[in-house]
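Chain residues, written in single-letter form:
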Amino acid sequence: MEQHELNKLRWHCTRRALLELDITLGRFLDNGFNNLNETQVKTFIDLVAMEDHDLWALISGKVEATDPLESEVIVAIRKH
Amino acid sequence: MSIPVHKYDVVIVGAGGSGLRAALQVAEAGLKTAVLSKVFPTRSHTVAAQGGVAAPLGNVNEDHWMWHMYDTVKGSDWLGDQDAIEFMVRKATECVVELEHYGMPFDRLDNGKIYQRPFGGHSQNFGEKPVNRSCAAADRTGHAMLHAMYQRNVRANTQFFVEWMALDLIRDDSGAVVGVTALDMETGEISIFHARAVIFATGGAGRIYASSTNAFINTGDGMGMAVRAGIPLEDMEFWQFHPTGVAGAGVLITEGVRGEGGILRNCDGERFMERYAPNLKDLASRDIVSRAMATEIKEGRGCGPNKDYVLLDITHLQPETIMKRLPGIREIAIEFAGVDPIKKPIPVVPTCHYQMGGIPTNYRGEVVVPQNGEPSVPVQGFYAAGECACASVHGANRLGTNSLLDLLVFGKSAGESVVEAIKDGKLPMRPLPEHAADSSLARVNRIDSASSGESMHEVRAAMQRVMQAHAGVFRFGEDMKKGVKEILEVAERVKNVATKDKSKVFNMARVEALELENLIEVAKATMISAENRKESRGAHVRDDAPDTPEHPNGRDDANWLKHTLWFGSDNHIEYKPVQLKPLTAPSVELKTRTY
């Protein structure tokens, strides 16, 4: 990813409606994002585009992801 | 340098609840309307509001706007303006019904009417017993509200400028507001938005504190811009706190944890609430628990390397109880505190939640300032609504579910005032002053060209530490004096912030440096106003203004029943009277606030 694309992604991760997502997504960008493969990066970008309550429900485990790829990335986010 | 100029009838800054409601009012009247927002509208912090919106519909049990008014005045500890409060509660039903017609999926009763639930501080018959007054859409009220209003705005042809950050107000020589400057984050370019009227709906500034429930976006941009344009801020000493936010993160731990047997402990492992509230202990009211926690920390019995938090212990509960009765708490503790609460206690601290003060307005949403001996003279072309504004309906403390009501009623009212003034020919398109964008360009250029200086992150953290330590939930005279000195020192450091990233496109470092320039104005306003108010009232509680027979709850109406106005140019304070006379109702007479 180009630097400006990464900057934009960081903005979309850390200027959320919910504080919980600002923290978890920001932390993941700093510590886990670089370990994602190309397909996982695309999935992560799709997840970031979700509504805040829906995304937080997945990350906090209130709802389980049905798509295996999504599930993989959610597990990675939770680890950081 | 030629700056692009966009011309609109009305420019609204902020696309949360009040911004969208204001935009709808002006766009549906056929005015050319622009909304600027740092984020997509449905990512605004209004989404986080879960409790509901207060309205005396009386769908579950009998209710009346005068009861709602009484509760709000009492909640405000009599600092709320009673004309604005009457206006708000009398408009509540209309605003909720409108939302329903926009498609808001309110929870319903079997008979099809909107379901209402009880909420703290709301009562029947002037404090007699609880009333069901909150209208909600499951636990996503704010989210559903924003969606309903965004769709409606799209229908009304409101033009959204998403990922644009407003930088400064533009005022002409007469003081009238004629537009704003704004930064397009996608290109890094600065433009002028020239308009007949500007409405600020930029939300709160909870990020001035180290521990805040507010999302990162709440950086007080509207207040920073207002201060730089010479507008004072009102009642900034009043902030609502929640007792148990995760230390270092701010994410809330529900009060249900103490209800299920959670115990607060200091660094000695002592159950300190036994000393402060021998009967109720950890189940004492929010205020008492918060003050006890702050006192423990202040007296050196906090935990951790900096002794700046206490522990919420549920390790004595059965794991099954925790999982069953407190769903989600274990995940929050693991995620944000890094501890499994089944094995270890959770670090917690009183956490900033909501700002009662803001840009001074009247109930028409007009921004008002003192002029020639008059306390509240409207600024031509300038309006504000929602958490960034101070109407003042929340006074010294806000009732739950009145914040969503505030943003609906005053967003609409600001929009109506603009429509009416334009219709009456009172808001012509005034010419832009020469060099309208100069001060914004200078600010951005300074950040861009600084080759060395202080780190934004370090200076912001320093500001947050000062505010948390000296203007927290329980305030100490000497600490606040120290806090004023320290926050002014931090403000000097803000002027010297430099960023490494000099790129144009989505330069987050530059945006964060600009946000910090807004935050620091709010921090100064808060610290100086807090030190100045020598009584306890509502959410402003001082150790040296205790509960006495002469001054119950530490409140001193003889000297302090007045609004604070802080001026950023030289940090001086003026006062304006509280409006004790409602529009039509009898005044809610002063008395001691007890629940």
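Residues numbered from 1 in each chain as written. Chains lettered and ligands numbered in written order. Predicted model: local features only at pLDDT ≥ 70, side-chain atom pairs only at ≥ 80, totals over all residues. Heavy atoms only, no water.

As for the overall build of chain B
Next, step 1: Broken down by element type, chain B carries 16 helices and 20 strands.
Next, step 2: Over its C-alpha atoms, taken along the principal directions, chain B stretches across nearly 65 × 65 × 50 Å.
Next, step 3: Taking all 595 residues of chain B together, the buried fraction comes to 61%.
Next, step 4: When the accessible area of chain B is evaluated, it comes to approximately 22000 Å², of which 50% is carbon and sulfur surface.
Next, step 5: Averaged over its 66 positive side-chain charges, chain B has a centre that lies 2 Å from the centre of its 75 negative ones. (Helix = DSSP H or I, 4+ residues; strand = E, 2+ residues; numbered from the N terminus. Buried < 20%, exposed > 50% of the residue type's maximum accessible area, 1.4 Å probe, protein only. Areas by Shrake-Rupley, 256 points an atom, 1.4 Å probe, with all protein chains shown as cover. Lys, Arg positive; Asp, Glu negative; His and termini not counted. Charge placed at Lys NZ, Arg CZ, Asp CG, Glu CD.)

With respect to the overall build of chain A
Next, step 1: Counting its regular elements, chain A contains 5 helices and 0 strands.
Next, step 2: The N-to-C order of helical and strand elements in chain A reads α-α-α-α-α.
Next, step 3: At 11 Å, chain A has a C-alpha radius of gyration in line with the 12 Å of a compact globule built from 80 residues.
Next, step 4: Overall size of chain A, expressed as C-alpha extent along the three principal axes, is 35 × 25 × 20 Å.
Next, step 5: Evaluated residue by residue, chain A yields a buried proportion of 51% over its 80 residues. (Rg over C-alpha atoms; globule rule 2.2 N^0.38 Å.)

Thoughts on the interface of chain A and chain B
Next, step 1: Taken together, the contacts link 28 residues of chain A with 38 residues of chain B.
Next, step 2: Regarding the contact of chain A and chain B, the summed buried area is about 2700 Å², with carbon and sulfur atoms giving 56% of it.
Next, step 3: The three residues of chain A that bury the most area against chain B are Trp11, Arg15 and His53 of chain A, which together make up 30% of that side's buried surface.
Next, step 4: Where chain A meets chain B, there are 6 salt bridges.
Next, step 5: Linking chain A with chain B are 18 residue pairs in polar contact (both at pLDDT 80 or more), by the criterion used here.
Next, step 6: Those elements giving two or more residues to the side of chain A that touches chain B turn out to be helix 1 (3–14), helix 2 (19–31) and helix 4 (52–59) of chain A.
Next, step 7: Looking at the side of chain A that touches chain B residue by residue, the class counts come to 9 nonpolar, 8 polar and 11 charged. (Contact = heavy atoms within 4.5 Å. Buried area = accessible area lost by both parts, 1.4 Å probe. Salt bridge = Lys/Arg side-chain N within 4 Å of Asp/Glu carboxyl O. Polar contact = N/O pair within 3.5 Å; in protein donor to acceptor, adjacent residues only side chain to side chain. Nonpolar A, V, L, I, M, F, W, Y, C, P; charged D, E, K, R; others polar.)

Looking at the sheet that holds strand 3 (residues 53–54) of chain B
All names here are of chain B.
Next, step 1: Within the open sheet, the 3 strands sit side by side as 3-5-4. Their pairing is antiparallel. Of all strands in the sheet, those bounded by a partner on one side alone are strand 3 and strand 4 (116–124).
Next, step 2: Where strand 4 and strand 5 (residues 129–135) come together, 5 bridges link them in antiparallel fashion. Its bridge partner being in strand 5, Ser123 is matched across the sheet by Pro130. (Pairing = 2+ DSSP bridges.)

So, the layout of surface pockets
Left-over empty space is what a probe sized like a water molecule reveals as it rolls over the atoms.
Next, step 1: Counted as a void, the second largest pocket has a volume near 1100 Å³.
Next, step 2: Taken together, 38 residues line the second largest pocket, and the ones lying closest to its centre are Arg10 of chain A together with Met456, His457, Arg460 and Glu512 of chain B.
Next, step 3: Broken down by secondary-structure element, the contributors of at least two residues to the lining of the second largest pocket are helix 1 and helix 2 of chain A together with helix 13 (456–470) and helix 15 (508–532) of chain B.
Next, step 4: Residues of the lining of the second largest pocket, tallied by class, amount to 12 nonpolar, 14 polar and 12 charged. (1 Å grid on protein atoms, 1.4 Å probe; cavity = no way out; pocket = protein on both sides within 12 Å on 5 of 7 lines; lining within 4 Å. Points joined across faces, edges and corners; volume = space filled by probe spheres on them.)

A closer look at unusual backbone geometry
Residues and elements named next belong to chain B.
Next, step 1: Of the consecutive residues Ala391 and Ser392, the connecting peptide bond is found in the cis state with omega at -5°.
Next, step 2: Position of Ser392 relative to the elements: it lies in the loop between strand 18 (389–390) and helix 11 (402–423).
Next, step 3: Positioned with a positive phi, Asn125 is a non-glycine residue whose angle comes to about 55°.
Next, step 4: With respect to the secondary-structure elements, Asn125 resides in the loop between strand 4 and strand 5.
Next, step 5: Of note, the phi angle at Thr401 is positive, near 75°, even though the residue is not glycine.
Next, step 6: Here Thr401 shows up in the loop between strand 18 and helix 11.

Description of the sheet that holds strand 20 (residues 573–577) of chain B
All names here are of chain B.
Next, step 1: Taken together, 3 strands build an open sheet; the order of strands is 10-19-20 and the sheet is antiparallel. This sheet does not close on itself; its edge strands, each paired only once, are strand 10 (233–234) and strand 20.
Next, step 2: In this sheet, strand 19 (residues 562–566) lies alongside strand 10 in antiparallel orientation, the contact comprising 2 bridges. Note that in strand 19 the partner of Leu233 across the bridge is Trp566.
Next, step 3: Against the sheet, helix 15 makes contact with strand 10, strand 19 and strand 20, and its axis sits at roughly 140° relative to strand 19, the strand it touches most. (Axes fitted to C-alpha atoms, helices over the stretch in contact; angles between N-to-C directions.)

Re the pattern of salt bridges
All names here are of chain B.
Next, step 1: Evaluation of the coordinates by the stated rule reveals 52 salt bridges over all chains.
Next, step 2: Residues Arg90 and Glu86 are paired through a salt bridge, measuring 2.9 Å at the closest nitrogen-oxygen approach. With a gap of 4 residues between them, Arg90 and Glu86 both fall in helix 3 (residues 82–102), about one helical turn apart.
Next, step 3: Through salt bridges with shared partners, one network takes in Asp77, Glu237, Arg533, Glu535, Arg537, Arg555, Asp557 and Arg593.

A word on the packing of aromatic side chains
Next, step 1: Inspection of every chain in the model, using the stated rule, returns 19 aromatic pairs over all chains.
Next, step 2: For the ring pair Phe33 of chain A and Phe44 of chain A, a centre distance of 5.6 Å and an interplane angle of 55° mean the geometry is tilted. Of this pair, Phe33 of chain A sits in the loop between helix 2 and helix 3 (38–48) while Phe44 of chain A sits in helix 3; the two residues are 11 residues apart in sequence, bridging distant segments of the chain.
Next, step 3: For Phe33 of chain A, a relative accessible area of 7% translates into the label buried.
Next, step 4: Its relative accessible area of 0% is what places Phe44 of chain A among the buried residues.
Next, step 5: Its end group placed over the ring of Tyr354 of chain B, Arg398 of chain B keeps NZ or CZ at 4.2 Å from the ring centre. (Phe/Tyr/Trp six-rings, centres within 6.5 Å; stacked < 30°, edge-to-face > 60°. Lys NZ or Arg CZ within 6 Å of the ring centre and 35° of its normal.)

Let's talk about the packing of helix 1 (residues 17–28) of chain B against helix 4 (residues 141–155) of chain B
Residue and element names in this part refer to chain B.
Next, step 1: Direction vectors running N to C along helix 1 and helix 4 enclose 25°, while the axes themselves pass 9 Å from each other. Relative to helix 4, helix 1 is oriented roughly parallel. In terms of crossing hand, the pair formed by helix 1 and helix 4 is left-handed. Residue-level inspection shows Gly17, Leu20, Arg21, Ala23, Leu24 and Glu28 of helix 1 in contact with helix 4, the latter providing Leu146, Met149, Tyr150, Arg152, Asn153 and Arg155.
Next, step 2: Split into classes, the residues belonging to the contact of helix 1 with helix 4 amount to 6 nonpolar, 2 polar and 4 charged. (Parallel < 35°, antiparallel > 145°, perpendicular 65-115°, else oblique. Left-handed = near helix turned anticlockwise from the far one by under 90°.)

Quick notes on empty space enclosed by the protein
Residues and elements named next belong to chain B.
Next, step 1: A complete count under the given rule lists 2 cavities of 30 Å³ or more for this structure.
Next, step 2: The calculated volume of the largest cavity comes to roughly 80 Å³.
Next, step 3: As for the largest cavity, its lining consists of 15 residues, and the residues nearest its centre are Gly386, Ala389, Cys390, Ala391 and Asp406.
Next, step 4: Elements supplying a minimum of two residues to the lining of the largest cavity: strand 18 and helix 11.
Next, step 5: Taken together, the residues of the lining of the largest cavity sort by class into 8 nonpolar, 6 polar and 1 charged.
Next, step 6: Quantified by volume, the second largest cavity comes out at close to 30 Å³.
Next, step 7: If you trace the second largest cavity, you find it lined by Leu183, Met185, Gly188, Lys504, Phe506, Asn507, Arg510 and Val511.
Next, step 8: Residues of the lining of the second largest cavity, tallied by class, amount to 4 nonpolar, 2 polar and 2 charged.

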